[in-house]
Amino acid sequence: MILTCFPRAARSAKAVLIPAALGVFAAFVPPAAAQQSGAAAKTVPADQAAIDPATTIVATINGEPIYLAEILAQIQQLPQQYQQAPMEQIYPPMLDRAIDARLIANAAREAGLQDRDDVKARVAQAENEIISEVFLTEKISTQMDDAALRKRYEESLATSTETGEEVKARHILLTTEAEAREVIAELKKGADFAELAKEKSTGPSGSNGGDLGYFTKEAMVPPFSEAAFALKPGEVTEDPVKTQFGWHVIKVEDRRAIEPPSFEQVQPQIAQEMTREILQETVEALRDGVEIKRFGPDGSELQ
């Protein structure tokens, strides 16, 4: 069910969910992109407000440029806590890393490793992964925009079964019926419910004054729910309520209609659901009409 509460997303749902759903890194500008673009390279001060990473040179090795796009791509692949570090702290080591990586790559090419069959196979695999990622990301982007997400949200609201009431209650859980009746007697004499819960309840909510927060009727075991939803705000059960957990004394503090979550709350889940659907539909369409044979590890054909 879509309509459950989720934290607000700090970024757009697509920006977070598409790469995660594909199981690949977020798209980035390859270092070679600047060289292929045909744009004239330029050196721009680091503190300039608007710079083009694809054409901004940050280092040269025997005249061969390294572009800012390479540094930004490397930063994007770091763990999240490092990505959040100030640029002035993270930039120097990442620049050294880019320089070292280029030196190693140049040395590998001079050794002719790019012509080895095993290297060619890995390059082909990497190419397949990259173009697959771009293909699927663009496919999702064309079908899942804000309007589509909001339409799905409205459809979910129309078909939601999460209606009715929820109550806010406290309870005191006791081992025996006799103990529960003693608590009820103390409450009738004016004892504070929350303080008694802290003192006598054997349940995990006891330290919190027995507070259970708001819950729906379906969220609790039937005997407990029936007793709680029969009470008005401020009322306490006249008799102990028995469940498989023990004997309960229940106090209802509030009742309210169930409010559906906002679009912003469920947007990430809706986007994730739509992403899965689009991926599944895309793969099914690609399989349609294609002869596919499967073979086991021994080379025999699988049925």
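Preceding this paragraph is the structure being described.
Residues numbered from 1 in each chain as written. Predicted model: local features only at pLDDT ≥ 70, side-chain atom pairs only at ≥ 80, totals over all residues. Heavy atoms only, no water.

Caption draft 1: Looking closely at the overall build of the protein. When helices and strands are tallied, the protein shows 11 helices and 8 strands. The buried share of the protein, reckoned over its 303 residues, is 31%. Restricting the contact set of the protein to residue pairs at least 6 apart, pairs at least 24 apart contribute 64%. (Helix = DSSP H or I, 4+ residues; strand = E, 2+ residues; numbered from the N terminus. Buried < 20%, exposed > 50% of the residue type's maximum accessible area, 1.4 Å probe, protein only. Contact = heavy atoms within 4.5 Å.)

Caption draft 2: A look at the packing of helix α3 (residues 68-76) against helix α5 (residues 87-110). Interaxial distance between α3 and α5 falls to 9 Å at its minimum, and their mutual angle equals 110 degrees. Relative to α5, the element α3 lies roughly perpendicular. On α5, the residues touching L68, E70, I71, L72, Q74 and I75 of α3 are M87, I90, Y91, M94, L95, R97, A98 and R102. Its residues placed into classes, the contact of α3 with α5 shows 10 nonpolar, 1 polar and 3 charged. (Axes fitted to C-alpha atoms, helices over the stretch in contact; angles between N-to-C directions. Parallel < 35°, antiparallel > 145°, perpendicular 65-115°, else oblique. Nonpolar A, V, L, I, M, F, W, Y, C, P; charged D, E, K, R; others polar.)

Caption draft 3: Spatial organisation of the pairing of strand β1 (residues 57-61). In this structure, β1 lies alongside strand β2 (residues 64-67), joined through 4 bridges in antiparallel fashion. Following the sheet pairing, I61 is matched in β2 by E64. The turn joining β1 and β2, which pair antiparallel and follow one another in sequence, is formed by 2 residues; a positive phi near 50 degrees is taken by N62. (Pairing = 2+ DSSP bridges.)

Caption draft 4: Quick look at helix α9 (residues 193-200). Within α9, burial applies to F193, A194, L196 and A197. The buried residues of α9 all sit within an arc of 160 degrees when viewed along its axis, so they share a single face. Looking at the buried side of α9, the elements it contacts are β3 (165-174), α8 (177-188) and β6 (246-257). (Arc of directions from axis to C-beta.)

Caption draft 5: View of unusual backbone geometry. We note that N62 has phi near 50 degrees; this positive angle belongs to a residue other than glycine. Along the chain, the position of N62 falls in the loop between β1 and β2.

Caption draft 6: Spatial organisation of the pattern of salt bridges. Enumeration over the complete set of coordinates arrives at 20 salt bridges. D118 is the partner of R116 in a salt bridge, and the nearest nitrogen-oxygen pair spans 2.7 Å. Residue E253 is joined to R170 by a salt bridge in which the shortest nitrogen-to-oxygen separation is 2.7 Å. Of this pair, E253 sits in strand β6 while R170 sits in strand β3, and the two are 83 residues apart along the sequence. Since its relative accessible area comes to 29%, E253 is described here as partly exposed. Relative accessible area serves as the criterion here: at 17%, R170 is assigned to the buried category. (Salt bridge = Lys/Arg side-chain N within 4 Å of Asp/Glu carboxyl O.)

Caption draft 7: Spotlight on the environment of K198. Topologically, K198 is positioned in helix α9. You can call K198 partly exposed: its relative accessible area is 47%. Taking the C-alpha atoms as reference points, K198 and G210, 12 residues apart in sequence, are found 7.1 Å from one another. Excluding residues within four positions of it along the chain, K198 makes contact with G206, S207 and G209.

Caption draft 8: View of a nonpolar patch on the surface. Together, I130, I131 and V134 give the surface a local cluster of nonpolar side chains, amounting to about 260 Å² of exposed area. Along the chain, I130 turns up in helix α6 (residues 117-143). (Patch = residues over 30% accessible without salt bridge, like charges linked within 9 Å, V, L, I, M, F, W, Y side chains within 5 Å. Areas by Shrake-Rupley, 256 points an atom, 1.4 Å probe, with all protein chains shown as cover.)

Caption draft 9: Just the pairing of β3, in detail. β3 sits mainly inside the fold: 9 of its 10 residues count as buried. In terms of strand pairing, β3 meets β6 through 10 bridges, oriented antiparallel. By the bridge assignment, K168 is partnered in β6 with D254.

Caption draft 10: Focus on the sheet that holds strand β4 (residues 211-216). Strands sit in the order β4-β3-β6-β5 across an open sheet of 4 strands; the sheet is antiparallel. The open sheet has two edge strands with one neighbour each: β4 and β5 (241-243). Each neighbouring strand pair of the sheet contributes to a mean axis angle of 45 degrees, computed without reference to strand direction. Strand direction decides the pairing type here: β3 and β4, joined by 4 bridges, are antiparallel. The residue of β4 that forms the bridge with K168 is Y214. α8 contacts β3 and β6 of the sheet and is inclined by roughly 45 degrees relative to β6. The strands touched by α9 are β3 and β6; relative to β3, the strand with the most contacts, the crossing angle is about 45 degrees.

Caption draft 11: Just helix α10 (residues 222-229), in detail. F224, S225, A227, A228 and F229 are the residues of α10 that are buried. Taken together, the buried residues of α10 touch β3, β4, β5 and β6.

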